[in-house]
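# Understanding the architecture of this molecule
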Amino acid sequence: MAFTLATWNINSVRLRKALVARLLAEEAPDVLCLQECKSPVEKIPLEVFAEAGYRYMVGRGQKGYNGVAILSKLPLEDAGDQDFAQLGHARHVAARLPNGVTVHNFYVPAGGDEPDREKNVKFGQKLDYLTEMRDWFHASKPEKAILVGDLNIAPREDDVWDHKKLLKIVSHTPVEVEHLAQVQDAGDWVDITRKDVPEGLLYSWWSYRAKDWAAADKGRRLDHIWATPDIANAAHSSRILKAVRGWEQPSDHAPVFASFDV
DNA sequence: ATGACGGAACTATTCCGA
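Cut-offs applied
- Think of each chain on its own: its residues are numbered from 1, step by step along the sequence as written.
- For naming, the first written chain is A and the first written ligand is 1, with later ones following in the order written.
- Totals for whole chains, interfaces and linings use every residue, but because this is a predicted model, local features are given only for residues with pLDDT of at least 70 and side-chain atom pairs only at 80 or more, for both listing and counting.
- For the side-chain quantities, the full set of heavy atoms in the structure was used; hydrogens and water were omitted.
- Secondary structure elements follow DSSP: runs of H or I no shorter than four residues count as helices, runs of E no shorter than two count as strands, and numbering proceeds from the N terminus.
- What makes two residues a contact is simply this: any of their non-hydrogen atoms within 4.5 Å.
- In this charge count, Lys and Arg are treated as positive and Asp and Glu as negative; neither His nor the chain ends contribute.
- Every charge is mapped to an atom, namely NZ of Lys, CZ of Arg, CG of Asp or CD of Glu.
- What makes two strands pair is DSSP finding at least two bridges between them.
- Among the buried residues, those of types Ala, Val, Leu, Ile, Met, Phe, Trp, Tyr and Cys that are joined through side-chain atoms within 4.5 Å form a nonpolar core.
- Think of it in three bands: residues with accessible area under 20% of the maximum for their type are buried, residues over 50% are exposed, and the middle band is partly exposed, with areas taken using a 1.4 Å probe on protein chains only.
- UniProt positions are given in the numbering used here, feature names are shortened, and annotations may be inferred rather than shown by experiment.
- For helices, the fitted line uses only the C-alpha atoms of the stretch in contact; every axis is such a line through C-alpha atoms, and the angle between N-to-C directions lies from 0 to 180 degrees.
- Any Lys or Arg side-chain nitrogen located within 4 Å of an Asp or Glu carboxyl oxygen qualifies as a salt bridge.

## Considering the overall build of chain A
When you go through chain A residue by residue, the secondary structure sums to seven helices and 14 strands. Pairs at least 24 residues apart make up 68% of the contacts formed inside chain A by residues separated by at least 6 positions. Averaging the coordinates of the 33 positive side-chain charges in chain A and doing the same for the 38 negative ones gives two points 5 Å apart.

The following block contains the structure:
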């Protein structure tokens, strides 16, 4: 079965339901993983997505913050969730596709401003979250699995607009990059976007604060698609839809796509 | 300074994003 999957930090699924519908209509991924829904699950506008042909959803939500959801044209089986670092947040949900592939949708904590866990509790929570992700995948190696989401880390020098300037900025510090690498190693995860696009600058997020985000182009690649080695070779056609960042009243993230012949 | 915007919440100002 061939299918296309996308991940998008939507920054409020209720405010931007029309943008979600537009992406579904124009790009028609089989599966769309959303982060920062900022909504209880029961208030997600499912009827809008069902009308577009996306009749299946698994999600975890809370009022105002965080929240993850998987919308699908294909039937989904709820495959549970994890509360790493015991934050009590809705930051992970998993679903099984009819072909047996498990999709993990993550929203890793941002980590606050100061990259020092002694001064900033949130930075410590981010590192702890990643450590528990690592331990979980180490305890049971994932198979036939895809991991997507806003991981809030841009690991490579060419995943940020200026590597040296961002070394002390949360999302690109060496300690975060090392923690993310350990998560990746624990599950033998293959970075599908970089498998398909091995060279060159790649961003999926541009700050709202720039006067002209496109002209400044000071982006970071925070949103990722990974897959286990047993299906990584079936992946192709990775792309980041930068134009979506320029839509009316946009999210500050662009959606990331990949297709799989599994 | 990268750079001051944008969303949600017990509507007005505060927390949060990264």
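## Section: the sheet that holds strand β9 (residues 190-191)
Strand order across the open sheet formed by six strands is β5-β6-β7-β8-β12-β9, with mixed pairing between neighbours. With partners counted over all chains shown, the strands left at the sheet margins are β5 (77-78) and β9, one partner each. Pairing of strand β7 (residues 102-107) with strand β8 (residues 145-150), which is carried by six bridges, proceeds in the parallel orientation. By the bridge assignment, Phe106 is partnered in β8 with Gly149.

## Some thoughts on the nonpolar core
Of all hydrophobic cores here, the largest spans 31 residues; its most connected members are Leu5, Ile70, Ile146, Ile192, Ile225 and Phe260. Considering every element that reaches this core, the biggest residue donor is strand β14 (residues 256-261), with three residues. In contact with Leu5, other than residues within four places in its own chain, are Val31, Val103, Ile146, Val148, Ile225, Val256, Phe257 and Ala258. By size, the runner-up hydrophobic cluster in this structure holds 20 residues, among which are Ile10, Val13, Val244 and Trp247.

## Notes on the UniProt feature "active site" (unreviewed entry) in chain A
Under the UniProt annotation, "active site" (unreviewed entry) lies at Tyr107, Asp150 and His253. Of the residues just listed, which span 147 residues, no C-alpha pair is farther apart than 12.7 Å, and they cluster in one region. With respect to the helices and strands, Asp150 occurs in strand β8. If near-sequence neighbours (up to four positions away) are discounted, Asp150 is found in contact with Asn9, Gln35, Phe106, Tyr107, Val108, Leu222, Asp223 and His253. Along the chain, the position of His253 falls in the loop between β13 (235-240) and β14. With a relative accessible area of 4%, His253 lands in the buried category. With residues up to four places along the chain from it excluded, the contact list for His253 reads Trp8, Asn9, Asp150, Ser204, Trp205, Leu222, Asp223 and Arg245.

## With respect to the sheet that holds strand β2 (residues 31-35)
The strand order β3-β4-β2-β1-β14-β13 describes an open sheet built from six strands, whose pairing is mixed. A strand with exactly one partner marks an edge of an open sheet, and here the two such strands are β3 (56-60) and β13. Pairwise comparison of adjacent strand axes, ignoring direction, gives a mean angle of 15 degrees for this sheet. Pairing of β3 with strand β4 (residues 68-72) involves five bridges; the strand directions are antiparallel. Residue Met57 lies in a different strand from β4, and its bridge partner there is Leu71.

## Some thoughts on the pattern of salt bridges
When charged atoms on two side chains of opposite charge get close, those side chains can pair. Under the criterion given, the structure shown has 15 salt bridges. Among the ionic pairs, Asp78 bridges to Arg60, the shortest N-O distance being 3.1 Å. One end of the pair, Asp78, is in strand β5; the other, Arg60, is in strand β3, with 18 residues separating them in the sequence. For Asp78, a relative accessible area of 40% puts it in the partly exposed group. Among the ionic pairs, Arg134 bridges to Asp135, the shortest N-O distance being 3.0 Å. A residue is classified by how much of its surface remains accessible, and Arg134, at 26% relative accessible area, is partly exposed. Judged by relative accessible area, Asp135 falls into the partly exposed class, the value being 39%. Residues joined by salt bridges that share partners form a network here, namely Arg156, Asp158, Asp159, Asp191, Arg194 and Arg221.

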